[in-house]
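Descriptive analysis of the structure
Residues per chain are reported as follows:
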Amino acid sequence: MRITSYGHACFLIETGNHRLLTDPFLTGSPMAPITKDEVRCSYIFCSHAHDDHLGDTVAISRRNQATVVASYELSEYLSSQGLDTIDLMTGGGIALPFGHVRLTPAVHSAALELGEGRNLPLGIASGFLFSIEGKQIYFAGDTALFSDMRLLARNGLDLAFLPIGDRYTMGVEDAAAALEYLCPLVTVPMHYGTTKKLTGDPKDFVRLAEVAGHHVKVLEPGQSFDL
Ligand code: NI
Ligand code: MN
């Protein structure tokens, strides 16, 4: 399968027949190499309702008739916008035509920002654990380090997407510590450099990870690799 970065926490996972998109923040993202009107996908996985993750979910889902997979409350909200959705709750999963996906815990908040300081609580922040074509892929979402990550890796991990930007998620040190729990064959760092506040530097992450024997693939927006 092919993995492509669209910047921040947005990735396209292409299998033979399916195109899976994570956290499609494109409009307003200085990292986006593609617009919401160009993306093609059949499923969207939305980790939580913050702007930089919900992003263009509604527009992309409508144009592609893509199904959105999200936690229960976010799924209900998107369903009320007329989208085709699948709701999950932490620890639960579902078999879908591309494989299997499970909702994982994330230590983070999850409200929809309404402006003027108002927020609509929309359930929990989450990550996703995919099983696709025999490969196990963990997309952490926005999260702090937590030791139960080790439970997510008990069937082995071929790929992990981990935030490293600091301030709102793990920084490089905690993300490197997460690798000791997860031991993925390859790690793609995400959620850095999009704004000045996200100071985590992928070069520092690579250094810390490689000292401990872990393999990191830094993807520039628009870059792909085959898993
Ligand atoms: Ni967030
Ligand atoms: Mn975020």
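Definitions and cut-offs
- Residues numbered from 1 in each chain as written.
- Chains lettered and ligands numbered in written order.
- Predicted model: local features only at pLDDT ≥ 70, side-chain atom pairs only at ≥ 80, totals over all residues.
- Heavy atoms only, no water.
- Phe/Tyr/Trp six-rings, centres within 6.5 Å; stacked < 30°, edge-to-face > 60°.
- Helix = DSSP H or I, 4+ residues; strand = E, 2+ residues; numbered from the N terminus.
- Buried < 20%, exposed > 50% of the residue type's maximum accessible area, 1.4 Å probe, protein only.
- Arc of directions from axis to C-beta.
- Contact = heavy atoms within 4.5 Å.
- Polar contact = N/O pair within 3.5 Å; in protein donor to acceptor, adjacent residues only side chain to side chain.

So, about the packing of aromatic side chains. For the structure shown, the criterion picks out 8 aromatic pairs. When the centroid spacing of 4.4 Å and the interplanar angle of 35° are considered together, the rings of Phe11 and Phe161 count as tilted. Pair noted here: Phe11 is in strand E2 (residues 11–14) and Phe161 is in strand E13 (residues 159–163), with a separation of 150 residues, a long-range link. Pair check on accessibility: Phe11 and Phe161 agree, each one buried. Judged by centre distance (4.8 Å) and plane angle (90°), the rings of Phe45 and Phe130 are edge-to-face. Of this pair, Phe45 sits in strand E4 (residues 43–45) while Phe130 is found in strand E11 (residues 126–132), placing the two residues 85 residues apart along the sequence.

For the rest of this paragraph, the subject is helix H6 (residues 202–211). An α-helix turns once per 3.6 residues; consequently, residues spaced three or four apart project the same way. For H6, the set of buried residues is Pro202, Phe205, Val206 and Ala209. Seen from one end, H6 has its buried residues packed into an arc of 100°, which puts them on one side. Turned more than 90 degrees away from the buried face of H6 sit Lys203 and Val211, all of them exposed. Elements in contact with the buried residues of H6: helix H5 (172–182) and strand E14 (186–190). The backbone nitrogen of Lys203 has a side-chain oxygen 2.8 Å away, supplied by the residue at the start of H6, namely Asp201. In the stretch just after H6, Gly213 is the one whose phi turns positive, near 90°.

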